[in-house]
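# Coordinate analysis (summary)
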Number of protein chains: 2
Amino acid sequence: MKKYNHTTYAILGILTTGCRSGYDIKQLIDRSLNHFWKISYGQIYPTLKTMVEDGLAEVQTSSQKGKPDRNEYFLTSKGVETLKSWLEEPIQQIPGERNEILLKLFFGRFQSKESTVSLLEEYKQQLENRYLTYVSIEQAISKSNEEDKDSFYWLITLDYGKRVTKAAIEWCISTLEQISDQEV
Amino acid sequence: MKKYNHTTYAILGILTTGCRSGYDIKQLIDRSLNHFWKISYGQIYPTLKTMVEDGLAEVQTSSQKGKPDRNEYFLTSKGVETLKSWLEEPIQQIPGERNEILLKLFFGRFQSKESTVSLLEEYKQQLENRYLTYVSIEQAISKSNEEDKDSFYWLITLDYGKRVTKAAIEWCISTLEQISDQEV
DNA sequence: TGAACCATGTAAGCAGTTACATGATTCA
DNA sequence: TGAATCATGTAACTGCTTACATGGTTCA
C-alpha cells in the first residue's frame, strides 16, 4: 500500500463526513479540527488532484446558479481502504512540539525580569482564551446532537486540548511565582 | 532590524553558552533543548554561513591534531543585539500543535475498538517514557550545578514538559476508561 | 574489525504558507 | 458601496529532513 502524507489522510477522513468540495474541507477543518489540525487551500487543491489521479476519489463538477462551479469529490473503495489501513497503523513518533516561549525562556539570562514576566503573562492570556474556546465548542456539541456517535470522538479530542492547555496555564502561574520570588 | 528565522535565533542563543562549532550546537540542542527544539546539520551549517555574511558572527578555523578542522563561531555585538531584541519581542502566536493521534481518533468510527485502544495504549507508553526522561534530566541538573543561574531557566522548561506530558497521560487513562465503558 | 565519535558540508525533495488571480452574489 | 461568502486554483518561497560524501581517531 502506497504511503501518503498526513494531508491526504486528513482529507480522506473528511470526505467520509459528507464534505464534498475543497472549500467544504477547509471550512470543516477550520471549525472542528482547528485545535489540532490546520490546512490551507495551497495544500487542499493539489492534494485532491493527486487523489483523483491515484484513484482514491472521483470528481463530479456541478454548476450552481449564482455560485461558482463546484467540484465534488467522492471516495472510491480504494480511498476507503487507504484510510482504514492508515487508521490501523501505529503512530511512529509522538510530536515533539516546537515551543518558542520555552526557547526564549531558555535564554532568560539575557532578558530583563520584566520582559520575561510579560512574555509569560501574555502566553498565559492566550492559553486562557484557547481554553475558553474549547469549553464553548464543547457546550455547543453537547447541546446539539447527543446521540451522535461522531460527537463522542469529537469531545475526546476537545478534552485533550482542555487538559493540556490547563496544565500549561498552571505552569505559567507557577513560573511567574518562582520568578517573583527570585532575589533581586 | 532585519528578521531572521527561529533557527537563527536558536543558534544565536546557543553561541552565548560557550558552544563554538556547528557540531557543538547540534550536541547541545540534542541533549538539552531536545524536548522543545530540534535541529539538523542541514539547517545549522547553512545558517552559520549566512550569519557570518550578515555580520552576526565571526569564524575562526582551528586545526586540531587527530581531529578534523573545527570552525569556531563567535557572536559579534550585532549578533548579541539581534538576539536581545528577539527576546524582547512578544510571541505572535502560540503553537497549534499538530497531533496525529487526535486526527486518527477523530475518525474513530472507522476503526475497531481494539485498534483505538491499542493506539491509545501505545501513545500512553511513549508519553510515560518521555516523562521519565524529563525526571532523570531534572535530577542530573539539580545535582550538578546548584548555584548556576542558567539551570534555573533550564529547570523551568523541563517543568513545562513534565506538566504537559502528565496531563496527556491522564487524558489517555480517562479516554481508555470511557472507551471500555461504551456499550458493545 | 567495526562501531562510535569528531567534524563539515551539499543536494534533492517534501511540506506548508502566503500572495496572487478571478469573479459572481448577498447583505448591511 | 464595500465587506463577506462562495469557489478554484497556481507560483514563489521558506523551512526542514534525509541522504549523500569524506575521512581520521579511539576504543571495545
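Residues numbered from 1 in each chain as written. Chains lettered and ligands numbered in written order. Predicted model: local features only at pLDDT ≥ 70, side-chain atom pairs only at ≥ 80, totals over all residues.

### Side note on the overall build of chain A
When you go through chain A residue by residue, the secondary structure sums to 7 helices and 2 strands. Going from the N terminus to the C terminus, chain A shows its helices and strands as α-α-α-β-β-α-α-α-α. Taking 2.2 N^0.38 as the reference for a compact globule, 184 residues should give roughly 16 Å; the C-alpha atoms of chain A span a radius of gyration of 21 Å, well beyond that estimate. Along the first, second and third principal axes, the C-alpha atoms of chain A reach 70 × 40 × 40 Å. Counting every position in chain A, which comprises 184 residues, the buried fraction comes to 30%. Put simply, 54% of the contacts in chain A that link residues at least 6 apart link residues at least 24 apart. (Helix = DSSP H or I, 4+ residues; strand = E, 2+ residues; numbered from the N terminus. Rg over C-alpha atoms; globule rule 2.2 N^0.38 Å. Buried ≥ 20, exposed ≤ 12 C-beta atoms within 10 Å, placed from the backbone. Contact = placed C-beta atoms within 7 Å.)

### Remarks on the interface of chain B and chain A
Taken together, the contact pairs 54 residues of chain B with 54 residues of chain A. At the level of secondary structure, the elements contributing two or more residues to the side of chain B that touches chain A comprise α1 (6-14), α4 (77-88), α5 (100-106), α6 (113-144) and α7 (149-181) of chain B. By residue number, the principal contributor to the side of chain B that touches chain A is α7(B), which donates 16 residues. Of the residues that constitute the side of chain B that touches chain A, the class distribution is 28 nonpolar, 11 polar and 15 charged. (Nonpolar A, V, L, I, M, F, W, Y, C, P; charged D, E, K, R; others polar.)

### Quick word on the relation of the copies chain B and chain A
By a simple turn and slide, chain B fits onto chain A: the slide is 0.0 Å along the axis, the RMSD is 0.1 Å, and the turn is 180 degrees. The superposition operator between the copies reduces to a two-fold rotation axis. Nearest to the rotation axis, the C-alpha of Val164(B) is located 2.8 Å from it, this being the minimum over chain B. The residues that chain B uses at the interface reappear at the interface of chain A in 100% of cases, marking a shared surface. (Least-squares fit on C-alpha atoms with pLDDT ≥ 70 in both.)

### Observations concerning the protein's contact with DNA strand D
In the neighbourhood of DNA strand D, 24 residues make up the surrounding shell, with Tyr23(A), Gly42(A), Asn5(B), Gly42(B) and Gly66(B) lying closest. Mapped by element, the contributors of at least two residues to the surface near DNA strand D are α2 (22-33), α3 (41-53) and β2 (67-75) of chain A together with α1 and α3 (41-53) of chain B. A total of 5 residues in the surface near DNA strand D trace back to one element, the largest contributor, which is β2(A). Here the residues of the surface near DNA strand D sort into 8 nonpolar, 12 polar and 4 charged. (Near = placed C-beta within 6 Å.)

### So, the protein's contact with DNA strand C
Taken together, 23 residues are adjacent to DNA strand C, and Asn5(A), Gly42(A), Gly66(A), Tyr23(B) and Gly42(B) come closest. Residue composition of the surface near DNA strand C, by class: 8 nonpolar, 12 polar and 3 charged.

### Re the nonpolar core
Of all hydrophobic cores here, the largest spans 78 residues; its most connected members are Ile11(A), Val164(A), Ala168(A), Ile11(B), Val164(B) and Ala168(B). For Val164(A), the contacting residues outside a window of four places in its chain are Val164(B), Ala167(B) and Ala168(B). (Core = buried A, V, L, I, M, F, W, Y, C linked by C-beta atoms within 7 Å.)

### Quick notes on the UniProt feature "domain: Transcription regulator PadR N-terminal" (unreviewed entry) in chain A
Sequence positions flagged by UniProt for "domain: Transcription regulator PadR N-terminal" (unreviewed entry) are, in local numbering, residues 11-84 of chain A. For residues 11-84 of chain A, the end-to-end C-alpha separation is 13 Å, with 50% helix and 23% strand making up the annotated structure. (UniProt positions renumbered as here; feature names shortened; annotations may be inferred.)

### Considerations on the pairing of strand β2 (residues 67-75) of chain B
Residue and element names in this part refer to chain B. As paired strands, strand β1 (residues 57-64) and β2 are joined by 7 bridges and run antiparallel to one another. Following the sheet pairing, Val-59 is matched in β2 by Tyr-73. Two successive antiparallel strands, β1 and β2, enclose a turn made up of 2 residues, where Gly-66 displays a positive phi of approximately 75 degrees. (Pairing = 2+ DSSP bridges.)

### Focus on the packing of helix α1 (residues 6-14) of chain A against α3(A)
Residues and elements named next belong to chain A. The N-to-C vectors of α1 and α3 enclose an angle of 80 degrees; their axes lie 10 Å apart at closest approach. The orientation of α1 relative to α3 falls into the category roughly perpendicular. Every residue of α3 that contacts α1 at Thr-7, Thr-8 and Ile-11 is listed here: Gln-43, Ile-44, Thr-47, Leu-48 and Met-51. Partitioned by chemical class, the residues of the contact of α1 with α3 number 4 nonpolar, 4 polar and no charged. (Axes fitted to C-alpha atoms, helices over the stretch in contact; angles between N-to-C directions. Parallel < 35°, antiparallel > 145°, perpendicular 65-115°, else oblique.)

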